[in-house]
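Here are the chains, one letter per residue:
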Amino acid sequence: MVVATSGHLNRDGIRIHPQSDFAGMRASGRLAAASLDMIAEFVVPGVTTLELNDRIHAFIEDAGAISATVGYRGYQHASCISINHVVCHGIPGAKTLKNGDILNIDVTCILDGWFGDTSRMYVAGKASRKAERLMDVTHEALMKGIAQVKPGNTFGDVGAAIQRYAEGHRMGVVRDFCGHGLGQVFHSAPNVLHYGRWGTGAVFEPGMFFTIEPMINLGRPATKVLADEWTAVTKDKSLSAQFEHSIGVTDEGCEIFTLSPADKFYPTW
């Protein structure tokens, strides 16, 4: 793993990157997003999640990058694929998608030492109306969180905006997982909570890089991790959805590094 050498740590232990580092994040984020654009047409009933993973892995390697998750803490795949009531960290395998399944695909690539991390929702076939509504709310919650990112605001503002919107639609905001800092490392300070109170937490400064990746449940927020020590599911077996972007704070607001090159980030059904 490449150790970050540019920028400096602020008083909260969050790395502040110079403007020159934005180019690396922009390139890696675009590649991660492009891999998820590519896989969209293959998310159909009858495909296995391992087939989807292998296509993503090949795409990343063909672009001259490597997968950050292969070998990470013993994980052996280039993506996490989380279906229906799986909240996050679903392991690709022989499971075949069925009509109506919703799934989150999460990828992180390393391009020239920079980490690009993003995830989005897909539907195999036709989703139910309740699943569509869950994905709509989750996507909008992410965007409301991102809208709070500008110098002078706080990380608590992001969590509060997400929580207010999701809970206003009677959905549960997962507390057990959060966004994170990244750059030339996979995970670093800060932890980016998707719930919270306005005006609390570290203050945004230009040069901060991190992910925002709310997980929203159709039921209660509680989760549990299965025996494989990776797969997290909703305790009440309700559907769960997630969207994720990598963000850089700018002088005026923020830059989203993982925008879809083909404008496919938000699903259509």
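Residues numbered from 1 in each chain as written. Predicted model: local features only at pLDDT ≥ 70, side-chain atom pairs only at ≥ 80, totals over all residues. Heavy atoms only, no water.

**Student:** Sorry, what's going on with the side chain of Thr138 here?
**Tutor:** Mapped onto the secondary structure, Thr138 falls in helix H3 (residues 129–146). A relative accessible area of 0% places Thr138 in the buried class. Not counting residues within four places of it along the chain, the set of residues in contact with Thr138 comprises Pro214, Ile216, Ala241, Gln242 and Phe243. (Helix = DSSP H or I, 4+ residues; strand = E, 2+ residues; numbered from the N terminus. Buried < 20%, exposed > 50% of the residue type's maximum accessible area, 1.4 Å probe, protein only. Contact = heavy atoms within 4.5 Å.)

**Student:** Sorry if this is basic, but what is going on with the pairing of strand S16 (residues 245–249) here?
**Tutor:** Working note: regular strand, side chains alternate between the two faces of the sheet. A large share of S16 lies buried, amounting to 5 of its 5 residues. By the alternation rule, side chains of S16 split into His245, Ile247 and Val249 and Ser246 and Gly248, which are all buried. Bridge count between strand S11 (residues 209–212) and S16: 4 bridges; the pairing is antiparallel. Its bridge partner being in S16, Thr211 is matched across the sheet by Ser246. Judged from the 3 bridges that link them, S16 and strand S17 (residues 254–256) form a sheet pairing that is antiparallel. Looking at the pairing, Gly248 lines up with Glu255 of S17. Once S16 ends, the chain turns through 4 residues before running back antiparallel as S17. (Pairing = 2+ DSSP bridges.)

**Student:** Which parts of the structure should I look at to understand the pattern of salt bridges?
**Tutor:** A side chain with one charge may pair with a side chain of the opposite charge, provided their charged atoms come close. Counted according to the given criterion, the structure contains 7 salt bridges. Asp101 is paired through a salt bridge with Lys98; the nearest N and O atoms lie 3.8 Å apart. On the basis of relative accessible area, Lys98 is assigned to the partly exposed category, the value being 47%. Among the salt bridges present, the one from Lys126 reaches Glu132, with a minimum N-O distance of 3.0 Å. Residue classification places Glu132 among the buried residues on the basis of a relative accessible area of 8%. When salt bridges with common partners are traced through the structure, they connect Lys126, Arg129 and Glu132 into a single cluster. (Salt bridge = Lys/Arg side-chain N within 4 Å of Asp/Glu carboxyl O.)

**Student:** What exactly am I supposed to notice about helix H2 (residues 49–62) here?
**Tutor:** Think of an α-helix as 3.6 residues a turn; residues three or four steps apart then line up on the same face. For H2, which comprises 14 residues, the first-to-last C-alpha distance of 20 Å matches the rise-based estimate of 20 Å (1.5 Å per residue) to within 8%. Of the surrounding secondary structure, the elements contacted by the buried residues of H2 are helix H1 (22–39), strand S3 (66–67), strand S4 (80–83) and strand S6 (102–111). (Expected span 1.5 Å × (residues − 1).)

**Student:** Explain unusual backbone geometry to me, please; I cannot follow it from the model alone.
**Tutor:** That bond from Ala189 to Pro190 is cis: its omega, 5 degrees, falls within 30 degrees of zero. In this fold, Pro190 is placed in strand S10 (residues 188–192). With phi around 50 degrees, Arg73 is a residue other than glycine that occupies positive phi space. Topologically, Arg73 is positioned in the loop between S3 and S4.

**Student:** Which parts of the structure should I look at to understand the sheet that holds strand S8 (residues 172–173)?
**Tutor:** In a beta sheet, neighbouring strands are held together by backbone hydrogen bonds and run either parallel or antiparallel to one another. Overall, antiparallel pairing links the 3 strands, which are arranged S8-S12-S15 in an open sheet. Two strands in the sheet have a free side with no partner beyond their single neighbour: S8 and strand S15 (240–242). Strand direction decides the pairing type here: S8 and strand S12 (residues 215–217), joined by 2 bridges, are antiparallel. Residue pairing across strands places Val173 opposite Ile216, the latter belonging to S12. Sheet strands in contact with H3 are S12 and S15, and its direction is about 35 degrees off that of S15. (Axes fitted to C-alpha atoms, helices over the stretch in contact; angles between N-to-C directions.)

Honestly, it's all geometry; don't read function into it.
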